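One-letter residues, chain by chain:
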Amino acid sequence: MTTPPIDLRSDTVTRPTPAMLEAMTKAPVGDDVYGEDPTVNRLEGLAAEMLGKEAAVFVSSGTMGNLCSVLAHCGRGDEMILGDIAHIFLYEQGGSAALGGVHPHPVPTQADGTLKLSDIEDAIRGDNEHFPITRLLAVENTHNRCGGRALPVEYMDAAGQLAHKHGLKFHVDGARLWNAAVALNVSPARLAKEADSLSLCLSKGLAAPVGSVVVGDKEFIQKARRMRKVVGGGMRQAGVIAAAGIVALTEMVERLADDHANARRLAEGLNRLDGISIDPETVQTDIVIFNLDREDITPAHLSAGLRSHGVLLNPIGGKRLRAVTNYHVTEADIDRTLEAFAAVLEAGAQVTDKKVVTYG
Ligand SMILES: *Cc1c(COP(=O)(O)O)cnc(C)c1O
């Protein structure tokens, strides 16, 4: 018998809970393209209520949620201001440009995941026939590439108000907004107050097998629903998966605090190891990004070494690696992970002939 690995690659690796599996088998269903799936309708109502918005639409992924939102707000040739390391900019194939002709206007992302209000203001175009029309501001909360930083209420309010002052819509990529709300001890609705739209994942830390929800006012959601259909996202008896999403929203949000405590424990332990650098104070939620400052081993070697000790996590470029705590990772797993780190780093230090040890 082999013990399963401690999987810190992402919070997307979470499998449905027993309560989800039970809800999925019992869910009443109908054809959701006709609006007749009672379980999808319940999930959408619940998501809208939790975010303090009028309506919601269930989509198959966070990428689809962002895409449908951007396409609902912007037409061809319109411009969207967003961060230069935002998920929408980096990891979604440029879908809003490829499929919607929306022009991305990236501005620098600060270490805490925010965009400077002055940078946003400078990026907004004036009325001139040389320019695209700036239509949308998008921010990300929590911020993935910034190590799960939670953008505070004051920033969310200020960014939204700035957008509105200039006649822009304000979209929030809230794949992990639940984590931000728990970390900041505020309601998701409070964080969403100024947002015209948000896309929120059910399939990350909340452990549902599939799905995201987009929320906003009725008119916007009607447009987003049309966009979902054109990208092939109209699902039929989707209540089977929406049922897991309901469990995610009702039972899995508060426990994210455990993931955050485990991430902080991991960060503090890593900070004590020679050759790893991280500021544990910056670890607010479930993502731990750290640097490997060693000549003798690379991030790829470290991750291969950890794998041979039953710990999975990924290098993310340069000297950086990323670990993400989740529902299946316990405090004891964090301590085992730290022991594995110590062992791999120590083995690396024993290399004398300048050749790097490779691990199986
Ligand atoms: C994961 C993620 C997405 C996309 O979600 P998928 O369901 O993987 O398509 C969008 N934005 C952020 C910030 C994410 O972390």
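Refer to the structure printed above.
Reading the values: the criteria
- Residues numbered from 1 in each chain as written.
- Predicted model: local features only at pLDDT ≥ 70, side-chain atom pairs only at ≥ 80, totals over all residues.
- Heavy atoms only, no water.
- Helix = DSSP H or I, 4+ residues; strand = E, 2+ residues; numbered from the N terminus.
- Rg over C-alpha atoms; globule rule 2.2 N^0.38 Å.
- Buried < 20%, exposed > 50% of the residue type's maximum accessible area, 1.4 Å probe, protein only.
- Areas by Shrake-Rupley, 256 points an atom, 1.4 Å probe, with all protein chains shown as cover.
- Lys, Arg positive; Asp, Glu negative; His and termini not counted.
- Charge placed at Lys NZ, Arg CZ, Asp CG, Glu CD.
- Near = heavy atom within 4 Å.
- Polar contact = N/O pair within 3.5 Å; in protein donor to acceptor, adjacent residues only side chain to side chain.
- Pairing = 2+ DSSP bridges.
- Axes fitted to C-alpha atoms, helices over the stretch in contact; angles between N-to-C directions.
- Parallel < 35°, antiparallel > 145°, perpendicular 65-115°, else oblique.
- Left-handed = near helix turned anticlockwise from the far one by under 90°.
- Contact = heavy atoms within 4.5 Å.
- Nonpolar A, V, L, I, M, F, W, Y, C, P; charged D, E, K, R; others polar.
- Phe/Tyr/Trp six-rings, centres within 6.5 Å; stacked < 30°, edge-to-face > 60°.

**Quick word on the overall build of the protein chain**
Then step 1. Helices and strands together make up the secondary structure of the protein chain, namely 14 helices and 13 strands.
Then step 2. Against the globule reference of 21 Å for 360 residues, the protein chain gives a C-alpha radius of gyration of 21 Å, in line with a compact fold.
Then step 3. Based on the C-alpha atoms only, the size of the protein chain along its principal axes is roughly 65 × 55 × 35 Å.
Then step 4. By residue count, 54% of the 360 residues in the protein chain fall in the buried class.
Then step 5. For the protein chain, the accessible area works out to roughly 15,800 Å², and carbon and sulfur atoms hold 50% of it.
Then step 6. Positive and negative side-chain charges of the protein chain, numbering 36 and 46 respectively, have mean locations separated by a distance of 4 Å.

**What to know about the site of the ligand**
Then step 1. Around the ligand sit 13 residues, and of these Gly62, Thr63, Asp173, Arg176 and Lys204 come closest.
Then step 2. Taking His87, its side chain carries an N or O atom lying 3.5 Å from a nitrogen atom of the ligand.
Then step 3. A distance of 2.7 Å separates an oxygen atom of the ligand from a polar atom in the side chain of Lys204.

**Observations concerning the sheet that holds strand S5 (residues 133–140)**
By definition, the strands of a sheet pair up through backbone hydrogen bonds, in either a parallel or an antiparallel sense.
Then step 1. Strand order in the open sheet made by the seven strands is S2-S8-S7-S6-S5-S3-S4, with mixed pairing throughout. One side of each edge strand has no neighbouring strand; the edge strands of this open sheet are strand S2 (55–59) and strand S4 (103–107). Strand-to-strand twist of the sheet, defined as the mean angle between neighbouring strand axes without regard to direction, takes the value 20°.
Then step 2. Bridge analysis of strand S7 (residues 197–201) against strand S8 (residues 212–216) gives five bridges, and the strand direction is antiparallel.

**A short note on the packing of helix H1 (residues 18–26) against helix H11 (residues 239–251)**
Then step 1. Their axes nearest at 8 Å, the elements H1 and H11 cross at an angle of 140°. By the criterion of interaxial angle, the relationship of H1 to H11 is oblique. Regarding H1 and H11, the two cross each other, and that crossing is right-handed. Taking contact as the criterion, the partners of Ala19, Met20, Ala23 and Met24 in H1 are, on H11, Val240, Ile241, Ala243, Ala244, Val247, Ala248 and Glu251.
Then step 2. Of the residues in the contact of H1 with H11, the class split is 10 nonpolar, no polar and one charged.

**Some points on the sheet that holds strand S13 (residues 320–324)**
Then step 1. Spatially, the four strands line up as an open sheet ordered S9-S10-S13-S12, and their pairing is antiparallel. Single-partner strands in this sheet number two, and they are strand S9 (276–277) and strand S12 (314–315).
Then step 2. In this structure, S9 lies alongside strand S10 (residues 287–292), joined through two bridges in antiparallel fashion. Each residue of the ladder has a partner; that of Ile276, found in S10, is Leu292.

**What to know about the packing of aromatic side chains**
Then step 1. Enumeration over the complete set of coordinates arrives at one aromatic pair.
Then step 2. Taking the centre distance of 5.6 Å and the plane angle of 70° together, the rings of Phe290 and Phe341 count as edge-to-face. Here the residue Phe290 occupies a position in strand S10, and Phe341 occupies one in helix H14 (residues 331–349), the gap between them amounting to 51 residues. In terms of burial, Phe290 and Phe341 fall into one category: buried.

**A look at the side chain of Asp333**
Then step 1. Turning to its location among the elements, Asp333 is positioned in helix H14.
Then step 2. Separated by 3.0 Å, the side chain of Asp333 and the backbone nitrogen of Thr330 make a polar contact.
Then step 3. Not counting chain neighbours up to four residues away, the residues in contact with Asp333 comprise Ile6 and His328.

**Considerations on helix H13 (residues 299–308)**
Then step 1. Every buried residue of H13 is accounted for by Pro299, His301, Leu302, Ser303, Gly305 and Leu306.
Then step 2. With its phi angle positive at about 80°, Gly310 sits one or two positions after the end of H13.

**Considerations on the packing of helix H3 (residues 62–73) against helix H10 (residues 218–230)**
Then step 1. Closest axis-to-axis distance for the H3/H10 pair is 8 Å, and the angle between their directions is 120°. By the angle class used here, H3 and H10 are oblique. The chirality of how H3 crosses H10 is right-handed. Facing H3, whose interface residues are Met64, Cys68, Ser69, Leu71, Ala72 and His73, H10 presents Phe220, Lys223, Ala224, Met227 and Arg228.
Then step 2. When the residues that make up the contact of H3 with H10 are grouped by side-chain class, the tally is seven nonpolar, two polar and two charged.

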